[in-house]
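Chains, contacts and geometry: an overview
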Amino acid sequence: MALDPVITVSGKGVFIPGADIDTDRIIPARFMKCVTFDGLGEFAFYDVRFDSETGEKTNHPLNDERFAEASVLIAGVNFGCGSSREHAPQSLKKYGFNAVIAESFAEIFYGNSTTLAMPCVMASAENIGRLREAVEAKPDTIITIDVENLKVSTCCDLEFSVSMPESAREALVSGRWDPIQELIDNDSAINDRAKALHYV
Amino acid sequence: MGKSLFQKVWDSHRVGTLGDGRTQLFIGTHLIHEVTSPQAFGMLRDLGLKVKFPQRTFATIDHIVPTINQDEPADPLAAEMIDAIRKNCDDFGVTYFDLKSGKQGIVHVVGPEQGITQPGTTIACGDSHTATHGAFGAIAFGIGTSQVRDVLATQTIALQEMKVRRIEVNGDLRPGVYAKDVILHIIRQLGANGGIGYAYEYAGDVFDRMSMEERMTVCNMSIEGGARCGYVNPDAKTIAYLQGRPYVDNDNFEETATRWLSFASDADAHFDDIVKINAADIEPTVTWGISPDAGIAITENIPDPLTAKSPEEKASIEEALAYMKLPAGAPIQGIKIDVAFLGSCTNGRISDFREVAKYIKGHKVAAGVKAIAVPGSQIVAIQCEQEGLPEIFREAGFEWRAAGCSMCLAMNPDKLIGDQLCASSSNRNFKGRQGSPTGRTVLMSPVMVAAAAIKGSITDARELFDLSETSAVA
């Protein structure tokens, strides 16, 4: 099962402020009453995008027309903390995001995103700040994430290094981001391991 | 150099190294529930795959179960999820502890109670509170739905090896300080993201003395500190808890127990980091903000943005106080509550209800406060009934409910309304967590929840109840 390598990702960006943006914020639990992931896109960040009493749009960045075409999410520390729900990266992808640049990520969210071929790269607070200024000054700024060489650049002179675990980088650029086939291919080794475990 | 429990379990479950450098890790025990599994079974069907070891996956239903009448799904979507898990378990041959089984409950209560949770094993579940099972010396962690698919299809997942941080809490806990306070204190000290990349080994006098249920409360909230997994080394208490349980090899118990104990970290094990905490420094702890690391002692004041050490911290305190509608710099004691919630995979076990029942006799829930007590499983509910606990709770003004996740995450009818403030024994105080987009959560121990319910406001339980007799850890 050859998968498409993810070498670079480009798009316009939007900055979502705040530390510790949890997966309940990204997709509130009531929208997980579903047996497929279809249709989750419209509920991404729902409770901060809409006023709970009036139903009207808030001043959340995702409601700002200037960022309507954004496909790169820019955030602070510990993005995606909390619940293991894959519904969170699924909703971001279906909303239209193809990558996340943040100061740091929670681990389960990170793994879930990589498996969906949505690269998550880490940048310093200073560079996140510079990128934020760039997209807020000029929302049409195209951001390019070079996954292979771990660099982020914009059309307009901004360039900085980012980081990601080597295994995630390798998985994305070599088209191994969904490991299912490789796991299946090791069937005999799995059976050997199972035999060696007393409780299986 | 010896090995830690983490290293022993990791090494004994390693299948191989994948092309991207990650380990292919064998998952000996897989737990599933109705929220994060249906899509995984859908993927299996799309790929034409079977469940490789159906006897190693166990299912139950917890998140969406109504706690007033378990048999009446709240809406058609909930009914569809109930139908889906039934059909998926039937089609793929998976054991399912359903509502009629008498064994249904929150997945992290059911596993230990059935003896499915065992030392030296790997346990995965599509739920971030899976670290609960680490209380038994298992390496247990939450996974996403694509990984649920991977475990179903291959009994393995691709995983980066974690580092291990040993957290030692030595000395004596003060009266009125519970396991919940210990973990809230640890998270406060190390931060909500402090554990990223680590497994936490909880060690020292305090954890040695804790009951299995208290250890579960601590391990449960590892993820709230950023650590995907957390564990306590197995000992005589672990063995005693498991003996006789349905899924334990009781015919060869001595041999099994010896093997279990052999997984404990060696005295000269290597740890990537060691943190030491003095038990006497831990106070009854409550949260004031919108992240579980926003904890303060009950005797402390709510933080003031003016005293923040950085612009980021100031903005973070301001955001939290604006959402929580709490006054900067004021005492947390005396803040009015609307709802009191006792339950969840953190504090919904028999010992939690026994402990609270000891103190609420002769007290009444304050007027205007809705207080609910929700056992973590049908078995816990039966134990409570046998001990006459529901009457004690009802007499004090609590609603006594049936088993489920209830108001921890509000995927069922138990939800906050508007900006109600809830004193909660659960694990997360995120914005909107308890079902209302403006609902407010203050995390605390079950006895502190009971004290808040009775006073109608956040209260130091030590002033309301005589907690001087509580053992170091109760």
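Model, not experiment: these values are computed from the prediction.

1. A closer look at the overall build of chain A
Assigned secondary structure in chain A consists of eight helices and seven strands. Taking 2.2 N^0.38 as the reference for a compact globule, 200 residues should give roughly 16 Å; the C-alpha atoms of chain A span a radius of gyration of 18 Å, in line with that estimate. Taking the principal axes of its C-alpha atoms as reference, chain A extends roughly 60 × 45 × 25 Å. Counting the 200 residues in chain A, one finds 48% classified as buried. Counting only contacts in chain A whose residues sit at least 6 apart along the sequence, the fraction spanning at least 24 positions is 69%.

2. Overview of the interface of chain B and chain A
Contacts between the two partners involve 62 residues from chain B and, on the opposite side, 54 residues from chain A. Per element, the largest residue contribution to the side of chain B that touches chain A is six residues, and it comes from helix H5 (residues 145-154) of chain B. Here the residues of the side of chain B that touches chain A are counted per class, giving 21 nonpolar, 28 polar and 13 charged.

3. Remarks on the domain arrangement of chain B
Residues and elements named next belong to chain B. The domains assigned to chain B are domain 1 (5-163 + 208-216 + 227-273) and domain 2 (288-464). For domain 1 versus domain 2, the distance between C-alpha centres works out to 27 Å. Each partner contributes residues to the interface: domain 1 has 24 residues there, and domain 2 has 22 residues. Secondary-structure elements contributing two or more residues to the side of domain 1 that touches domain 2 are helix H4 (107-114) and helix H8 (212-220). Looking at the side of domain 1 that touches domain 2 element by element, the count peaks at four residues for H4.

4. Focus: the packing of helix H6 (residues 179-190) of chain B against H8(B)
Residues and elements named next belong to chain B. Between H6 and H8, the shortest axis-to-axis distance is 8 Å and the interhelical angle comes to 25°. Taken together, the axis directions place H6 and H8 in an arrangement best described as roughly parallel. Considering only the axes of H6 and H8, their crossing is right-handed. The residues of H8 that touch H6, namely those facing Ala179, Lys180, Val182 and Ile183, are Glu214, Thr217 and Val218.

5. Looking at the sheet that holds strand E15 (residues 339-342) of chain B
All names here are of chain B. Taken together, the five strands give an open sheet; going across it, the order is E17-E16-E15-E18-E19, and neighbouring strands pair in parallel fashion. Strands with a single pairing partner mark the edges of an open sheet, and in this sheet they are strand E17 (399-400) and strand E19 (440-443). The pairing of strand E16 (residues 370-373) with E17 spans two bridges and is classified as parallel. Each residue of the ladder has a partner; that of Ile372, found in E17, is Glu399.

6. Regarding the nonpolar core
Generally speaking, a soluble globular protein has its nonpolar side chains buried in company with each other. A:Ile101 and B:Ala340 are the most contacted members of the largest nonpolar core, which has 210 residues in total. At eight residues, helix H16 (residues 446-455) of chain B tops the list of elements feeding residues into this core. Residue-level mapping places this core at the junction of two domains, with at least three residues from each of domain 1 (5-163 + 208-216 + 227-273) and domain 2 (288-464) of chain B. Setting aside residues up to four positions removed in sequence, A:Ile101 forms contacts with A:Val72, A:Ile74, A:Val121, A:Ala123, A:Leu131, A:Ile145, A:Val152 and A:Val162.

7. With respect to the confidence of the model for chain B
Of the residues in chain B, 99% have a pLDDT of 70 or more, and the chain-wide mean is 97. Of the two predicted TM-score estimates for the complex, the pTM is 0.97 and the ipTM is 0.96.

8. A closer look at helix H10 (residues 253-262) of chain B
Residues and elements named next belong to chain B. Here H10 has its buried residues at Thr256, Ala257 and Trp260. Projected down its long axis, H10 carries its buried residues within an arc of 100°, all on one side. In H10, the exposed residues that point more than 90 degrees away from the buried face are Glu254, Glu255 and Thr258. Taken together, the buried residues of H10 touch helix H9 (236-242).

9. So, the pairing of strand E1 (residues 14-17) of chain B
All names here are of chain B. As paired strands, E1 and strand E2 (residues 23-26) are joined by three bridges and run antiparallel to one another. Directly across from Arg14, in E2, lies its bridge partner Leu25. Where E1 folds back on E2, the antiparallel hairpin that results is connected by five residues, among which Gly21 adopts a positive phi of roughly 95°.

About the cut-offs
- Residues numbered from 1 in each chain as written.
- Chains lettered and ligands numbered in written order.
- Predicted model: local features only at pLDDT ≥ 70, side-chain atom pairs only at ≥ 80, totals over all residues.
- Helix = DSSP H or I, 4+ residues; strand = E, 2+ residues; numbered from the N terminus.
- Rg over C-alpha atoms; globule rule 2.2 N^0.38 Å.
- Buried ≥ 20, exposed ≤ 12 C-beta atoms within 10 Å, placed from the backbone.
- Contact = placed C-beta atoms within 7 Å.
- Nonpolar A, V, L, I, M, F, W, Y, C, P; charged D, E, K, R; others polar.
- Domains from an automatic or database assignment.
- Axes fitted to C-alpha atoms, helices over the stretch in contact; angles between N-to-C directions.
- Parallel < 35°, antiparallel > 145°, perpendicular 65-115°, else oblique.
- Left-handed = near helix turned anticlockwise from the far one by under 90°.
- Pairing = 2+ DSSP bridges.
- Core = buried A, V, L, I, M, F, W, Y, C linked by C-beta atoms within 7 Å.
- pLDDT = per-residue confidence, 0-100.
- Arc of directions from axis to C-beta.

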